[in-house]
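Working through the structure, step by step
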There are 4 protein chains.
Amino acid sequence: MLESLREEVLEANLELVRQGLVIGTFGNASGIARREGLVVIKPSGVAYEFLKAEHLVVTDLEGRPVEGDLRPSSDLPTHLVLYRNFPEIGGVAHTHSRYATAWAQAGREIPCFGTTHADYFHGPVPITAPMTEEEIRSGYEANTGVVIARRFEGLGVERFPGVLVHGHGPFCWGASAREACHAAGILEEIARLALYTLSINRESSPISSELLDKHFLRKHGSGAYYGQR
Amino acid sequence: MLESLREEVLEANLELVRQGLVIGTFGNASGIARREGLVVIKPSGVAYEFLKAEHLVVTDLEGRPVEGDLRPSSDLPTHLVLYRNFPEIGGVAHTHSRYATAWAQAGREIPCFGTTHADYFHGPVPITAPMTEEEIRSGYEANTGVVIARRFEGLGVERFPGVLVHGHGPFCWGASAREACHAAGILEEIARLALYTLSINRESSPISSELLDKHFLRKHGSGAYYGQR
Amino acid sequence: MLESLREEVLEANLELVRQGLVIGTFGNASGIARREGLVVIKPSGVAYEFLKAEHLVVTDLEGRPVEGDLRPSSDLPTHLVLYRNFPEIGGVAHTHSRYATAWAQAGREIPCFGTTHADYFHGPVPITAPMTEEEIRSGYEANTGVVIARRFEGLGVERFPGVLVHGHGPFCWGASAREACHAAGILEEIARLALYTLSINRESSPISSELLDKHFLRKHGSGAYYGQR
Amino acid sequence: MLESLREEVLEANLELVRQGLVIGTFGNASGIARREGLVVIKPSGVAYEFLKAEHLVVTDLEGRPVEGDLRPSSDLPTHLVLYRNFPEIGGVAHTHSRYATAWAQAGREIPCFGTTHADYFHGPVPITAPMTEEEIRSGYEANTGVVIARRFEGLGVERFPGVLVHGHGPFCWGASAREACHAAGILEEIARLALYTLSINRESSPISSELLDKHFLRKHGSGAYYGQR
């Protein structure tokens, strides 16, 4: 079942590797069939080079297995919370990509230092609060999703296609697994540029709100004029 | 029309990718046929792997389409302002290459820390002023060219084959699209060396004016003695 | 003799190179046949591209040659001390990989800044004390093992699959040469993430002990639930 | 003439490129036939991909052309001064490799932070004084060699296989062009490790003189015991 979604999710997982975003087996992408209420995700701890579409795991939105013999990624509960809280999204990608993870470890949101950033995020890349002892001890993976959802109150997933989980790494999303994976690659580049920027000038300032709006809105929303019609 | 210029501009665009200067689809090169007053440029938001000579867009110096069905790069107006203001140049290349962009984001000109830099730029790599609210709101892309031209009053495009646009990234130029693309690669290396230099010693000093002149003038101008006759 | 161990140790040595952990000829992996009390190790200063299983050197736990015409790696005495002190380990890998070596040179343990680290090390990556004049002058390579063993009093090699030798570089271990080599790759990534983290925020804090325990213990020990059954 | 030296010098020049030490056309290696008093060097500004043994230029120790139609590298006078001052050396390699050049631009010798460094340099990597106005204006390239020779009074080219020229980049040497090229690669790694070391801890200390001696002398000189007999 869900053959084309399986193929897309497989491809997104492999693309994370091709983009150099995966360290070891740290990375997973999933996609959702909204009508059926089913999620397709990578199995846990399986080497990417052996990964095939039939290894992917299908669950419902409560994480109950529907198809597949392997255990799903241990981050599945995080993905599920995101799908339940953000009805606009169709795919989620999680990596430990080096630069975005470094910002998550440094406990800092990524300031919008330039137009590359502004083309994709309508402001700083948000970071969650550190998780509490209670959130970690019980239901840790689901609570990872909960702290993301809490951080996004008032933010809008379409204006911010990803987040940094404090002390952990990035989660990204989009209309599909493919777009989530694309957002993960862009976030890594933004994080890298921002680290370099600070290395040159620790007092670097974010760009003006006019420049931020100009770049974000020429690519997104009703007034967009970037790319082909 | 302009078949050989199309081929050269295509090649320059692909060379930007091969040199690792392009993030996502951020990058474009153009060339001008001065006699005909026509510019050939990459279309907007088209993936490089599918780019062919026939996809390139031809416009006049006011940006009016002359040939091609696709929208030109959204940065076309910047290129046109540069061609109108700098009659010496035959090609323009724009990238978001990582190190040059980081300097643009840090809001700093690149000091001439060494002879690699001095072989190509006859002083610090200039940076534009931040754009004003008014310059951003209306005619943003053309105004990007205007702030570059303003920064170059008294500088000379032959002594400085590129510039950093504040909070954005580098624009480079040369006698042809190919040379503009070469300058973009060199600028990236200079920017990288300079970041490393600061990482070692934040109080690093620029080289002396004698060393700067020696290196620039042994490669450029009437007294050059570098390379083959 | 020990053909399959030879093959595994050869493969581990080549894997160190493929992972980019080796500078010049600085790197060596070994494995032990505990029942026989024999160690298989790379010969000293032999280029990796010519390395074959028959070049590997077999010695007993006192370093007496048992098989092979070549001199063993000059680091053999370090490996032997580790095998004698840590009966749990079946393989050792030593590299001068860039980021882990930089931490060793900086004289700093690597703080546990994030969950990537916590998945493999149950706390900061330990660093040895600088070696004394006496330890260096006589029996230097064996004493390198001695200072590691001293640093590990009370630590546990299963909770910490590697160490930084002060002013030198990392030594890693595991149940086999292959796992030691895997640990060397992970340690390099952890070291790299930690350097980037400090570059963003020099006051970065380690993650909480709850988050550290959660990540380490979900992959290791009796309560593990990561990966496939 | 000098066919085998030509082949070795060609190979050394290409190896500089393969090792990633060359930016643009910045890099050149030469070798000397001491008996004949002839030097073989790369021609100036020729792209590496087209370089063949017959393009190499042969000159005497005063730089007078003996064979070859192309101009020699503009750095030839520097090489010649080195060959005249250091009778022990058989090859010279010059690059603008990124990390070594950054230290040269930062105006800092490279402290001996670890054993990787100590295996090749018997102390900090030396840096020349900045060149004076007079040294730059007339006979600049030869004077580059002169300031190197001056810096090496009392140092010994066998204990230090390279130097940083202030504001410029590294020159390395060895018994042959091949060894000079190897030293250039090692120096780049040492420079990189040292930059990373400072990024972690700006107060990093050099290793002790005992550890420095131990590592240098186990690979070099009469007491060496590293590698095969």
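All figures in this text were calculated on a predicted structure; none of them were measured in a lab.

Our focus in this paragraph is the interface of chain C and chain A. Each partner contributes to the interface: chain C provides 30 residues, whereas chain A provides 30 residues. Where chain C touches chain A, the interface holds 3 salt bridges. With its nearest N and O atoms 2.6 Å apart, the salt bridge here joins R218 of chain C to E141 of chain A. The tally of links between chain C and chain A comes to 11 residue pairs in polar contact (both at pLDDT 80 or more). Looking at the side of chain C that touches chain A, the elements with two or more residues in it are α4 (115-118), α7 (177-200) and α8 (209-219) of chain C. At 8 residues, the largest contribution of residues to the side of chain C that touches chain A is made by α7 of chain C. Its residues assigned to classes, the side of chain C that touches chain A shows 10 nonpolar, 12 polar and 8 charged.

Applying the stated criterion across every chain, the model contains 32 aromatic pairs over all chains. Ring centres of F26 of chain C and Y120 of chain D lie 6.2 Å apart, and the angle between their planes is 90°; this geometry places the pair in the edge-to-face category. Here F26 of chain C is found in the loop between α1 (3-18) and β1 (27-33), whereas its partner Y120 of chain D is found in the loop between α4 (115-118) and α5 (133-137) on a different chain. Residue F26 of chain C is classed as buried on the basis of its relative accessible area, which comes to 6%. Taking the relative accessible area as the measure of exposure, Y120 of chain D reaches 15% and is therefore buried. A network of ring pairs unites the aromatic residues Y99 and Y196 of chain A, Y99 and Y196 of chain B, Y99 and Y196 of chain C together with Y99 and Y196 of chain D as a single cluster. A cation over a ring is seen here: K42 of chain D above Y48 of chain D, with NZ or CZ 4.6 Å from the ring centre.

Together, R108 and R202 of chain A, R108 and R202 of chain B, R108 and R202 of chain C together with R108 and R202 of chain D line one region of the surface with positive charge. For R202 of chain A, the position within the fold is in the loop between α7 (177-200) and α8 (209-219).

The two copies are related by a screw operation: chain C maps onto chain A through 90° of rotation and 0.0 Å of translation along the axis, at an RMSD of 0.0 Å. The transformation relating the two chain copies, once decomposed into turn and shift, fits a four-fold axis. When C-alpha distances to the rotation axis are compared across chain C, the minimum falls at S199 of chain C, with a value of 5.0 Å.

Of the residues in chain A, 100% have a pLDDT of 70 or more, and the chain-wide mean is 95. Interface confidence in the predicted complex, given as ipTM, is 0.95; pTM for the same model is 0.96.

With respect to the helices and strands, D75 of chain C occurs in the loop between β4 (65-67) and α2 (76-85). Once the C-alpha coordinates of D75 of chain C and A29 of chain C are considered, the two residues, 46 residues apart in sequence, prove to be 9.9 Å apart. Beyond its immediate stretch of four places on either side in the chain, D75 of chain C contacts N28 and H94 of chain C together with R218 of chain D.

So, on to the sheet that holds strand β3 (residues 57-60) of chain B. Residue and element names in this part refer to chain B. Ordered by their spatial adjacency, 7 strands build an open sheet running β4-β3-β2-β1-β5-β7-β6, and the pairing between neighbours is antiparallel. Only two strands of the sheet have a single neighbouring strand rather than two, namely β4 (65-67) and β6 (162-165). With strand direction ignored, the average angle separating the axes of adjacent strands in the sheet is 25°. With 4 bridges joining them, strand β2 (residues 38-41) and β3 adopt antiparallel strand pairing. Residue pairing for β3: I41 is matched across the bridge by V57. Contacts from helix α7 (residues 177-200) reach β1 (27-33), β5 (91-95), β6 and β7 (169-174), with the element oriented near 140° to β7.

Quick notes on the rules
- In every chain, residue numbers begin from 1 and rise along the written sequence.
- Chains carry letters from A onward and ligands carry numbers from 1 onward, assigned in written order.
- Local features are withheld for residues below a pLDDT of 70 in this predicted model, meaning they are given only at 70 or higher, and side-chain atom pairs are given and counted only at 80 or more; totals for whole chains, interfaces and linings count all residues.
- To obtain the side-chain values, all non-hydrogen atoms of the structure were used and water was disregarded.
- Whether two residues touch is decided by their heavy atoms; if any such pair falls within 4.5 Å, the residues are in contact.
- We define a salt bridge as a contact between a side-chain nitrogen of Lys or Arg and a carboxyl oxygen of Asp or Glu at a distance within 4 Å.
- For the purposes of these results, a polar contact is taken to be a pair of N or O atoms within 3.5 Å, where, inside protein, one atom must be able to donate a hydrogen and its partner to accept one; residues adjacent in sequence count only when each atom of the pair is a side-chain atom.
- Per the convention used, a helix needs a DSSP run of H or I reaching at least four residues, while a strand needs a run of E reaching at least two, with both numbered from the N terminus.
- Gly is put with the polar residues, along with every residue not named as nonpolar or charged; the nonpolar set is Ala, Val, Leu, Ile, Met, Phe, Trp, Tyr, Cys and Pro, and the charged set is Asp, Glu, Lys and Arg.
- Whether two aromatic rings pair depends on their centres lying within 6.5 Å, for rings of Phe, Tyr and Trp, where Trp uses its six-membered ring; planes under 30 degrees apart make the pair stacked, over 60 edge-to-face, and the rest tilted.
- A simple rule labels every residue: compare its accessible area, found with a 1.4 Å probe on the protein chains alone, to the largest value its type can have, and call it buried under 20%, exposed over 50%, or partly exposed in between.
- To sit over a ring, a charge needs its Lys NZ or Arg CZ within 6 Å of the ring centre and within 35 degrees of the ring normal.
- In this scheme, patches are assembled from residues that exceed 30% relative accessible area and form no salt bridge. Like charges are connected within 9 Å, while nonpolar side chains (Val, Leu, Ile, Met, Phe, Trp, Tyr) are connected within 5 Å.
- In this description, accessible areas are obtained by the Shrake-Rupley approach with a 1.4 Å probe, and a residue is regarded as covered only by the protein chains that are shown.
- In this tally, Lys and Arg are treated as positive and Asp and Glu as negative; His is ignored, and so are the chain termini.
- A charge is said to be at NZ when it belongs to Lys, at CZ for Arg, at CG for Asp and at CD for Glu.
- When the copies are superposed, the least-squares fit draws on C-alpha atoms of residues that have pLDDT of at least 70 in both.
- For every residue, the predictor states its confidence as a pLDDT score lying anywhere from 0 to 100.
- Strands were regarded as paired on the criterion that DSSP finds at least two bridges between them.
- To get an axis, a line is fitted to the C-alpha atoms, and for a helix only the part in contact is used. The angle between two axes follows their N-to-C directions and goes from 0 to 180 degrees.

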